Amino acid sequence: MADVAAPAWVRNTAPDGTGFIRAGSGAPVLLIHGVGMNATIWQDQIASMRDRHDLIAIDMLGHGTSPLPPEHAALSDFADQALRLLDHLGLASVSIVGHSMGALVALEIALRAPSRVRSIVCLNAVFRRPEALAQAVRQRAAALGTHGDPSAIAATLARWFGDPLPESLVGAAATARAALEGVDPEGYARTYRLFAHADAQHADALAGLAAPALFMTGSDDGNSTPSMSAAMARLAPHGQCLVLSGERHMMAMASPEKVTRHISAFLDAEAATPQADPAFDSGEFRRALGSFLTGVTIVTTVSAEGEPRGFTANSFTSVSLHPPLVLVCIAKKALGHSAFSTSKGFAINILSESQKAQSGIFASKAADKFASVAWQPGQTGNPLIDGSVAVFDCAMQQLVDAGDHSILIGRVRDFSHNGAQPLGYCRGTYVTPGLSQEALAAAPPDTEVGAILENDGRVLFFETSDGFHELPAGRGLGTPKDPRSLKGHLAAKTIDAQLGFLFAVWDDAAAPSRTHVYYRGTIDGPCSDDRRIRLVDIEQITDLRIADPAVRSMLARYVRERTEDAFGVYVGNEVEGEVRPLAKPVLLSGRG
């Protein structure tokens, strides 16, 4: 351990009784120790960093010279203590380095007061302990009445530094032993009980961590494992994970030069990066982006080991028609980033309304996602998922680095699509822009429900004996067994139809209590051999004899909007009304 010269080492006490050490000058860094330690365990970091940083090492509640925490303490109590100290020192914002319990406190501060934290380093942090490990920690917490017992301290040091103790770590272990022997037993007990149960407290909040974060641990740390740091780094928007080979839980004391070098490199890199506008709220930005209604896709590839890989995404768009290019974005922290960023291609599967379950599976961390879906290899070998609305089988055209994501640009080698209704996503939830049959079932029984059903550029009509043409319609949506309903009429003709988007709603001028509802939809395969059934090319619809003037007007609009590929919904009566667009037209940049 380094010997810190007395003039550079200032120990002081804040008005609320918090003990702290302050040394050096430069960019401020707050150092927070773990359970059983105190501010002096950072003396090696202080010695190495004081020429470039204003270092503040705090005694957390119940440790060093600081007062006890509440009997049933929360992480917020420790975070509030640190924020009071920063206020006392007149520091608006700092970087924070926290070890073990101190890392949990550092995250609590960064999540509760993001404007106060420039960057954060979490050393040997715990996160979602496995059940066996969690049970062992809680048992130790329950036995804290024996704290101070030499055998208990020896067991702790063995976990931290190894057993037998390496000769090179005798000095570090002695420093840790002195801290454990000197800590207030009640302060230690109250803090450790919190530490034993707080490992999952930030699980749902890390996605909102605004500060750049480095999660660093040792490969041989059995309590703050590499998988824990990796999981936190994946969840944090600006997270990085670093695992130091051969290091254990007290690596900041056991290998201070190595650990401090990585801490300094991270802090210096973040200081050199232009800071985001503190008024910019990244969480609110994320919510604003979520207002954009999108489709849902599953993006698939084959890894270098020949295993299928996939993830759910809504960041998909077309790029170019000539050549045919599409793109999708993948987060750099995603588990599959390595497989996709090094693959020769990928496939985009646009999901249907019936594929919510598949979307959820591929958005999860399920071990074998492909076991739950039927799929076939495409032309390039990429997995194509059965039942998708459309699939695009692509070769990798370009990989573009873009902030915390990578952009995969693919050249389409093969594609297919069908008339199924797509699944939508907006503001964190799925939406089904197609038919709401539950709402339609509650409509008055006299409601006329009809459909404009298309197949390969042709629309389905029934021809009457006197040469007129009618769209399929009935009293209510009904069921295939109800001969008066729309579904009953279609079933009687053995027509397999998929109803989709609402197209027109109007009240009957002669009978105001009667409403007409028409949907767009599709039919698959050939119809029955009923001679009354006609499939009419869209461009020939205006030449048909249509008895109902309201239906004739509706079909004229359908032909026009179908040609423009810009559908709206008519609302009014058979004489007058308005067409309301499904979305307001917006000029988009960067689109082909």
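Calculation criteria
Residues numbered from 1 in each chain as written. Predicted model: local features only at pLDDT ≥ 70, side-chain atom pairs only at ≥ 80, totals over all residues. Heavy atoms only, no water. Salt bridge = Lys/Arg side-chain N within 4 Å of Asp/Glu carboxyl O. Helix = DSSP H or I, 4+ residues; strand = E, 2+ residues; numbered from the N terminus. Pairing = 2+ DSSP bridges. Axes fitted to C-alpha atoms, helices over the stretch in contact; angles between N-to-C directions. pLDDT = per-residue confidence, 0-100. Contact = heavy atoms within 4.5 Å. Patch = residues over 30% accessible without salt bridge, like charges linked within 9 Å, V, L, I, M, F, W, Y side chains within 5 Å. Areas by Shrake-Rupley, 256 points an atom, 1.4 Å probe, with all protein chains shown as cover. Phe/Tyr/Trp six-rings, centres within 6.5 Å; stacked < 30°, edge-to-face > 60°. Buried < 20%, exposed > 50% of the residue type's maximum accessible area, 1.4 Å probe, protein only. Lys NZ or Arg CZ within 6 Å of the ring centre and 35° of its normal.

## Description of the pattern of salt bridges
Here the structure, examined in full by the defined rule, presents 12 salt bridges. Arg116 is paired through a salt bridge with Asp87; the nearest N and O atoms lie 2.9 Å apart. Of this pair, Arg116 sits in the loop between α3 (101-112) and β6 (117-123) while Asp87 sits in helix α2 (residues 75-89), and the two are 29 residues apart along the sequence.

## Considering the sheet that holds strand β10 (residues 297-302)
Taken in spatial order, the 7 strands make up an open sheet running β11-β10-β14-β17-β18-β13-β12, and their pairing is antiparallel. Edge positions in the sheet fall to β11 (308-313) and β12 (316-320), since each of these pairs with one other strand and no more. Geometrically, the sheet is characterised by an average inter-axis angle of 35° between neighbouring strands, direction not taken into account. Bridging between β10 and β11 involves 6 bridges; their strand directions are antiparallel.

## Comments concerning the sheet that holds strand β7 (residues 213-218)
Pairing in this open sheet of 8 strands is mixed, and the strands run β1-β2-β4-β3-β5-β6-β7-β8 from one edge to the other. Each edge of the open sheet carries a strand with a single partner, namely β1 (10-13) and β8 (239-244). Neighbouring strand axes in the sheet, compared pairwise and without regard to direction, differ in orientation by 20° on average. Pairing of strand β3 (residues 27-32) with strand β5 (residues 94-99), which is carried by 4 bridges, proceeds in the parallel orientation. Pairing of Leu31 across the sheet is with Val97, part of β5.

## Points about the confidence of the model for the protein
On average, the protein scores 86 in pLDDT, and the residues at 70 or more come to 88%. Long-range and interchain partners of residues 1-7, a stretch whose pLDDT sits below 50, account for 13 contacts in this model, where long-range means more than four residues apart.

## Structural notes on a nonpolar patch on the surface
Among the surface-exposed residues, Phe280, Phe285 and Leu289 lie close enough to one another that they form a single nonpolar patch of about 320 Å² accessible area. Positionally, Leu289 belongs in helix α11 (residues 282-289).

## Side note on the packing of aromatic side chains
The geometry of an aromatic ring pair is captured by the separation of the ring centres together with the interplanar angle, meaning the angle of the planes. Overall, the coordinates contain 9 aromatic pairs when judged by the stated rule. Look at Phe311 and Phe340: their rings are 4.9 Å apart centre to centre, the planes differ by 85°, and that puts the pair in the edge-to-face class. Taken as a pair, Phe311 in strand β11 and Phe340 in helix α12 (residues 337-341) lie far apart in primary sequence, 29 residues in all. For the pair shown, Phe311 and Phe340 are each scored as buried. Taking 5.5 Å as the distance between ring centres and 80° as the angle between the ring planes, the aromatic pair formed by Phe503 and Tyr558 counts as edge-to-face. Of this pair, Phe503 sits in strand β25 (residues 497-507) while Tyr558 sits in helix α16 (residues 549-564); the two residues are 55 residues apart in sequence, bridging distant segments of the chain. Side by side, Phe503 and Tyr558 carry an identical accessibility label, which is buried. Cluster of aromatic residues (ring-pair linked, three or more members): Tyr188, Tyr192 and Phe195. For Arg545, the ring lying beneath its charged end belongs to Phe468, and the centroid distance is 4.1 Å. The cationic tip of Arg557 hangs over the ring face of Phe503; the distance from NZ or CZ to the ring centre is 3.9 Å.

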